[in-house]
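Breakdown of the fold
Letter by letter, the chains look like this.
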Amino acid sequence: MPYRAAVITCSDRAAADIYEDRSGPVLRDGLADLGFDVAAPTILPDDAGRIATAILDAVAAGARVVLTTGGTGVSPRDVTVEATRPLLSYEVPGIAEAVRATGAVKTPLSSLSRGLAGVIEHEGTRSFVFNAPGSRGGARDALAVLAPLLVHIVEQLDGADHDLHRPPSA
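Time to look at the side chain of Asp-21. As for its position among the elements, Asp-21 is in the loop between helix H1 (12-15) and helix H2 (23-33). Buried charged residue Asp-21 carries no salt bridge. Nearest counter-charge: Arg-28, at 7.2 Å. Here the side chain of Asp-21 touches Thr-9 through a polar contact of 2.8 Å, side chain to side chain. At a separation of 3.4 Å, a polar atom in the side chain of Asp-21 contacts the main-chain amide nitrogen of Ser-23. What Asp-21 contacts, discounting residues up to four positions off in sequence, is Thr-9, Ala-14, Pro-41 and Ile-43.

Have a look at this one:
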């Protein structure tokens, strides 16, 4: 049975139909390609309360992975990080650092992303949350880092042990 995932696009302009959400579908398609059960992105304005509610609703509905896109920069309306941080039981900073480093190879603007990676615990279930940048390139960079990790992350959240048959590190 595939794990459930959710994508939440945080953008005033996409929510107002001023422009098309382009990064949400990139994340949705990437998750589907990895075997996750994922619906179309939820599109919300840059409103911290609504974003936090949508993340919690996704987790309550069974999403083991929640990817947000947008609202991670430094503009006054970029509030996704502020909406996410109080929901986290703990952060996994290496993932966000790796996504920024992957993007930095292409553009110095990737270092402006304040996106978080972390775990939410809700009613005995633990889910992974990541705040991806709001561009297609940023979403692709996030997937490049997340793709080999997501299933392992969910398995670890469920208490799975590491692969003991793998040769030890040198």
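Ranked by internal contacts, the top residues of the largest apolar core, which has 26 residues, are Leu-31, Val-65, Ile-95, Phe-128, Phe-130, Leu-146 and Leu-150. For this core, the secondary-structure elements that each account for two or more residues are strand S1 (4-10), H2, strand S4 (63-69), helix H5 (93-104), strand S6 (117-122), strand S7 (125-132), helix H6 (136-146) and helix H7 (150-157). Counting residues per element, this core draws most heavily on H6, which supplies 5 residues. Setting aside residues no more than four positions away along its own chain, Ile-95 makes contact with Ala-117, Phe-128, Phe-130, Val-145, Leu-146, Leu-149 and Ile-153. Residues Ala-6, Ile-51, Ala-52 and Ala-58 belong to the second largest nonpolar core, which totals 20 residues.

Calculation criteria
Residues numbered from 1 in each chain as written. Predicted model: local features only at pLDDT ≥ 70, side-chain atom pairs only at ≥ 80, totals over all residues. Heavy atoms only, no water. Helix = DSSP H or I, 4+ residues; strand = E, 2+ residues; numbered from the N terminus. Buried < 20%, exposed > 50% of the residue type's maximum accessible area, 1.4 Å probe, protein only. Lys, Arg positive; Asp, Glu negative; His and termini not counted. Salt bridge = Lys/Arg side-chain N within 4 Å of Asp/Glu carboxyl O. Polar contact = N/O pair within 3.5 Å; in protein donor to acceptor, adjacent residues only side chain to side chain. Contact = heavy atoms within 4.5 Å. Core = buried A, V, L, I, M, F, W, Y, C linked by side-chain atoms within 4.5 Å.

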